[in-house]
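Residue-level structure breakdown
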Amino acid sequence: MIPDLTNASPETRGYYALPEEIRTAAKAIAGPPRPMPHIEVLLAIGTAIANEREAAKRGEG
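We now turn to the structure provided with this report.

Thresholds, definitions, all that
- Residues numbered from 1 in each chain as written.
- Predicted model: local features only at pLDDT ≥ 70, side-chain atom pairs only at ≥ 80, totals over all residues.
- Heavy atoms only, no water.
- Helix = DSSP H or I, 4+ residues; strand = E, 2+ residues; numbered from the N terminus.
- Buried < 20%, exposed > 50% of the residue type's maximum accessible area, 1.4 Å probe, protein only.
- Contact = heavy atoms within 4.5 Å.
- Areas by Shrake-Rupley, 256 points an atom, 1.4 Å probe, with all protein chains shown as cover.
- Lys, Arg positive; Asp, Glu negative; His and termini not counted.
- Charge placed at Lys NZ, Arg CZ, Asp CG, Glu CD.
- Arc of directions from axis to C-beta.
- Phe/Tyr/Trp six-rings, centres within 6.5 Å; stacked < 30°, edge-to-face > 60°.
- Core = buried A, V, L, I, M, F, W, Y, C linked by side-chain atoms within 4.5 Å.
- Expected span 1.5 Å × (residues − 1).
- Salt bridge = Lys/Arg side-chain N within 4 Å of Asp/Glu carboxyl O.

**Brief notes about the overall build of the protein**
Looking only at helices and strands, the protein has three helices and zero strands in total. Across the protein, helices and strands are ordered from the amino to the carboxyl terminus as α-α-α. Evaluated residue by residue, the protein yields a buried proportion of 28% over its 61 residues. Taking contacts inside the protein between residues at least 6 apart in sequence as the whole, the part at least 24 apart equals 38%. Entry remark: accessible area of the protein is about 4,200 Å², with carbon and sulfur atoms responsible for 58%. The centroid of the 7 positive side-chain charges in the protein is displaced by 2 Å from the centroid of its 8 negative side-chain charges.

Here it is, written out as structure tokens:
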């Protein structure tokens, strides 16, 4: 479920723009909240997953 993003940070919007499958994988990898905002950790991991998949589609990985 995607929350109301009206007042969300760019990181939160970016994270929820990722496919649900990638968000779920990012949560599993990130674990519990860290000193940096947890949503930034989730976005970084989710973006990395998405980038790896795109590279694999292009035959780079």
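From this point, the narrative continues.
**A short note on helix α2 (residues 20–30)**
When α2 is considered as a whole, its buried residues turn out to be Ile22, Arg23, Ala26 and Ala30. Buried residues of α2, seen end-on, are gathered within an arc of 100° and therefore sit on one face of the element. Among the exposed residues of α2, those pointing more than 90 degrees away from its buried face are Glu20, Glu21 and Ala28. Residue Gly31 follows α2 closely and has a positive phi angle near 70°.

**Some remarks on the packing of aromatic side chains**
In this description, a pair of aromatic rings is defined by centroid distance and the angle of the planes. This structure, assessed with the given rule, holds one aromatic pair. Relative to Tyr16, the ring of Tyr15 lies with its centre 5.0 Å away and its plane at 75°, an arrangement referred to as edge-to-face. Its relative accessible area of 1% is what places Tyr15 among the buried residues.

**What to know about the nonpolar core**
Judged by nonpolar contacts, Tyr15, Leu18, Ile22, Ala26, Ala30, Ile39, Val41, Leu42, Leu43, Ile45, Ile49 and Ala50 together constitute the single largest core of twelve residues. The element that contributes the greatest number of residues to this core is helix α3 (residues 38–57), accounting for seven residues. Contacts of Tyr15, omitting those with residues within four sequence positions, involve Arg23, Ala26, Lys27, Ile39, Leu42 and Leu43.

**Digging into α3**
Compared with the 28 Å implied by 1.5 Å per residue over 20 residues, the 29 Å span of α3 between its first and last C-alpha is a close match. In this structure, the buried side of α3 is in contact with α1 (10–17) and α2. Gly59 sits one or two residues past α3 and shows a positive phi near 85°.

**Let's talk about the side chain of Arg23**
Relative to the elements of secondary structure, Arg23 occurs in helix α2. For the buried residue Arg23, which engages in no salt bridge, the nearest side chain bearing the opposite charge is Glu20, 4.7 Å off. In contact with Arg23, not counting residues within four places along its chain, are Ile2, Tyr15, Tyr16 and Leu18.

By themselves, these figures tell us nothing about what the structure is for.
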